[in-house]
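Each chain is listed here by its residues.
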Amino acid sequence: MTAAVGTGETARLWSHPELGLHAFVDAAGSVRLGTSDQAWAVLVPLVEVTATGHGRLWSGERFIETAIGDRLAYRGHETAKDAGRERTTIRLADPVTELAADLVLETAPGAGFLRARVRLVNEGGAPLRLESVTTLTLGGITGADGGPDGLTLHWADNDWLAECRWRQAAFRNQAVPLSRSAHGHEGRGCFERSSQGSWSTGRHLPVGALTDQGGGAWLWQIESSAGWRFESGEREGAAYVALFGPDDAHHQWHHTLAPGEEFHTVPAALVRVEEGGLDAAFGRLTDHRRALRRDHPDHRTLPVIYNDYMNTLMGDPTTEKLMPLIEAAGAAGAEVFVIDAGWYDDDAQGWWDAVGAWQPARGRFPGGIKEVLDAVRAHGMTPGLWLEPEVVGVRSPLAHTLPPEAFFRRGGVRVTEHGRHHLDLRHPAARAHLDAVVDRLAGEWGVGYLKLDYNINIGPGTENGTESPGAGLLGHHRAHLDWMAAVLDRHPGLVLENCGSGGLRMDYAQLAVAQLQSTSDQQDPLRCPPIAAAAATAVTPEQAAVWAYPQPHHTLDEIAFTLAGALLGRIHLSGFLDRMNADQFALVRSALDVYKDIRPEIAEAHPFWPLGLPGWDDSWIAQGLRGRQSTFVTVWRRGSADGTSRELTITHLRGAQLQPSLLHPTAFDGTAQWKAAEGKLTVSLPRPDTAVLLRLR
């Protein structure tokens, strides 16, 4: 992207060559972030803060142009290098409130991404009631014409069963020109997306982008499970972006900062590419996500996971039902077997509102649950269990034995949602209870995989004393991350799957700790392709668990179709494999063999989308992974309309002489032809509702 040229007496404090970003300070001490040679007015103060009694200089829907942000003045900066990382801290202070703000910018040499967070300290003598704080602001974003007219906004809607649905609109459709010269002011509105309640991705992904017509892109993500928001709009003839954690207007978050106390914002990351558009930008964001997360062997080994739930036992496991599935899953090549919901259910009224103790149901396992876990190990697989740790059913004994302070409360009343209460993991009794549960499952029982589900949206949070609900949710969220990390410290081989009723808590606060992410609960195999194809926008491919549930009543085409969606991510295999005929079972086995062959490359590959990011109703969908040795492409055809072939552009292979190889399904009458000079791959799928995985080497 080009820079808006301007004048002004400014000094450069810090630079990020790969992003082309610089921090400038003017003669008055104001610090702002932008690219080179930009007019000072188009930039946004480095940190924006609203506090009760200290609002905005221009009232509206925006949370920039704040009184405190305008006053924050430079007082120093330093850069430290540690273990290949570089951290620059820019220190600011407000002379009126005596609020100190330290912006920490973290990157690595040669990295195409930047991570930011802000530390606030009240150095004054009076409390300060915070209502919003930016993690990162950036102004001066322009297109080839030097203004915002050629920019495109990108965001992703998210919902149960309909995750990762990307949208785009011309920037000018969302931030229309308002004849600023006639009014002397910018507009009062902005384009914004935010979370609501405790499902961080229940409405949208915490990811967005601005692109230009020349292939340039700015891409960002906010790393929070407890409230986030981003906004974009026009400022002085250029676009700006501001990234936030929770705030008072959207999340009932406010935080009283007493003298001497400090507050840390949630982190956020920023990526910039000059060419390659969203594909290149998501490649760099994938690198950041891999660098951010806790190291774990699972990220390299990528074992195949069988889970008994989806379209199979659906929360009704018993020894009798599980034993044939265990044998069949082991024979097919699964390496982990997860007993999903219901293993604790011994209640005649149902388990939903009685969970919390996490003890095995005797009626379901006459010989004990350890008999089933031992059978899993005997067939060469690691046993796993489903757990929903943060909830306690209203009929559970735990609802009465744990102290009231161990639960979410608002207005002094314990919060109830869909028959459940919610634990506050800041309370020692709540944490001790869950530690005892996990240590029993992973320690005494030898469970090596826990699917941690989360099936209620508890709302804005909890009021612990005088705190706001949003502050309580943020406090619990941070305690929850600390609890998960401590579990892995005690059980380093344990694998934690992050599941939020499918993909409703799909953020990189959680995924920096958990090893896998459930991407959806979608049970219709024809609705899975757009979710599976776009999952890598939210999650690294090796963390993106996609359901593959072949059934004995399926045709071979249908079995191949449902398996194809998981082969460039993480396989969550399900289905009644034990009831399949020889040809059906052989097709499942061959798909798992293909996956085991290519998975070492998946763990290092970058995603791309030869047909663009998928639409929910697209007939043709394509997802690719660009590895060091090979490029993989999955192509789906849904429905009988729109032709029997599609041409895909694979830019990075243009000019390469290669022959596409069919990996899955191996016995298929589809074709693929490569035009090296044009970088075009033509894929023909003669039958509707079919899919194919290709390798281009």
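Quick note: structure is the one above.
> Would you mind showing me how to read the sheet that holds strand β35 (residues 645-649) here?
Adjacent strands of a sheet form backbone hydrogen bonds with each other and so pair up, either parallel or antiparallel. The strand order across the open sheet formed by 3 strands is β35-β38-β37, and the pairing between neighbours is antiparallel. Because the sheet does not close on itself, it has two edges, and the strands there are β35 and β37 (671-675). Taken over all neighbouring pairs, the strand axes of this sheet differ in orientation by 20° on average, direction set aside. Judged from the 5 bridges that link them, β37 and strand β38 (residues 680-684) form a sheet pairing that is antiparallel. Across the sheet, residue Gln673 finds its bridge partner in β38, namely Thr682.

> Sorry if this is basic, but what is going on with helix α8 (residues 319-332) here?
What sets the pattern is the α-helix's 3.6 residues per turn: residues three or four places apart point alike. With 14 residues, α8 should cover 20 Å at 1.5 Å per step; its first-to-last C-alpha distance of 20 Å lies within 8% of that length. Those residues of α8 that are buried are in contact with β20 (305-307), α7 (309-313), β21 (336-339), α9 (369-378) and α15 (582-602). Gly333 occupies a position one or two residues after α8 and carries a positive phi of about 115°.

> What's the story with the packing of α8 against α9 in this structure? I'm lost.
Each pair of packed helices can be described by the angle between their axes along with the distance between the axes. Interhelical geometry of α8 versus α9 gives an angle of 5° and a closest axis separation of 10 Å. When the interaxial angle is binned, α8 and α9 end up roughly parallel. Of the residues in α9, those touching α8 at Thr319, Leu322, Met323 and Ile326 are Glu371, Val372, Ala375 and Val376.

> What should I look at first to understand the pattern of salt bridges in this one?
Two side chains with opposite charge may pair up if their charged atoms get near one another. Summed over all chains, the structure comprises 50 salt bridges. Here the salt bridges do not stand alone but share partners, grouping Glu78, Arg91, Asp102, Arg119 and Glu262 into one network.

> Whenever I open this one, the packing of aromatic side chains confuses me. Can you help?
Aromatic ring pairs: the centre-centre distance and the angle between the two ring planes describe each pair. Under the criterion given, the structure shown has 16 aromatic pairs. Measuring from ring centre to ring centre gives 4.9 Å for Trp155 and Phe191, while their planes differ by 55°; the resulting arrangement is tilted. With Trp155 in strand β10 (residues 152-157) and Phe191 in strand β12 (residues 191-194), the pair connects residues that are 36 residues apart, well separated along the chain. Trp155 gets classed as buried once you look at its relative accessible area, which sits at 8%. With 5.6 Å between their ring centres and 80° between their planes, Trp166 and Phe282 make a pair best called edge-to-face. Of the two residues, Trp166 sits in strand β11 (residues 165-170) while Phe282 sits in helix α5 (residues 277-292), which places them 116 residues apart along the sequence. Residue Phe282 is classed as buried on the basis of its relative accessible area of 0%. Here the basic side chain of Arg56 rests over the ring of Phe63, its NZ or CZ set 4.7 Å away from the ring centre.

> Got a minute to help me understand unusual backbone geometry in this structure?
Across the chain, the bulk of peptide bonds are trans and the bulk of non-glycine residues have phi less than zero. Between His664 and Pro665 the backbone carries a cis peptide bond, its omega angle lying at -15°. Even without glycine at this site, Asp689 takes up a positive phi of about 55°. By secondary structure assignment, the location of Asp689 is in the loop between β38 and β39 (690-696).

> Looking at this structure, how should I read the side chain of His491?
One can find His491 in the loop between α12 (469-490) and β28 (495-498). Here Asp439 takes part through its side chain, which lies 2.8 Å from a polar atom of the side chain of His491. Not counting chain neighbours up to four residues away, the residues in contact with His491 comprise Val438, Asp439, Ala442 and Gly443.

> What am I meant to see in the layout of surface pockets here?
A water-sized probe, rolled over the atoms, reveals where empty space remains. Of the pockets and cavities examined, the largest pocket occupies roughly 650 Å³. What lines the largest pocket is a set of 22 residues, among which Gly276, Leu278, Asp279, Ala280 and Phe608 lie closest to the centre. Among the elements of the structure, β11, α5 and β32 (606-608) are those that each provide at least two residues to the lining of the largest pocket. Looking at the lining of the largest pocket element by element, the count peaks at 4 residues for α5. Residues that form the lining of the largest pocket fall into these classes: 10 nonpolar, 9 polar and 3 charged. The computed volume of the second largest pocket comes to approximately 410 Å³. Lining the second largest pocket are 18 residues; nearest its centre among them are Arg115, Pro267, Arg478, Leu481 and Ala509. Those elements giving two or more residues to the lining of the second largest pocket turn out to be β8 (113-122) and α12. Residues that form the lining of the second largest pocket fall into these classes: 9 nonpolar, 3 polar and 6 charged.

What counts, and at which threshold
- Residues numbered from 1 in each chain as written.
- Predicted model: local features only at pLDDT ≥ 70, side-chain atom pairs only at ≥ 80, totals over all residues.
- Heavy atoms only, no water.
- Pairing = 2+ DSSP bridges.
- Helix = DSSP H or I, 4+ residues; strand = E, 2+ residues; numbered from the N terminus.
- Axes fitted to C-alpha atoms, helices over the stretch in contact; angles between N-to-C directions.
- Expected span 1.5 Å × (residues − 1).
- Contact = heavy atoms within 4.5 Å.
- Parallel < 35°, antiparallel > 145°, perpendicular 65-115°, else oblique.
- Salt bridge = Lys/Arg side-chain N within 4 Å of Asp/Glu carboxyl O.
- Phe/Tyr/Trp six-rings, centres within 6.5 Å; stacked < 30°, edge-to-face > 60°.
- Buried < 20%, exposed > 50% of the residue type's maximum accessible area, 1.4 Å probe, protein only.
- Lys NZ or Arg CZ within 6 Å of the ring centre and 35° of its normal.
- Polar contact = N/O pair within 3.5 Å; in protein donor to acceptor, adjacent residues only side chain to side chain.
- 1 Å grid on protein atoms, 1.4 Å probe; cavity = no way out; pocket = protein on both sides within 12 Å on 5 of 7 lines; lining within 4 Å.
- Points joined across faces, edges and corners; volume = space filled by probe spheres on them.
- Nonpolar A, V, L, I, M, F, W, Y, C, P; charged D, E, K, R; others polar.

Purely spatial values, then, with no claim about function.
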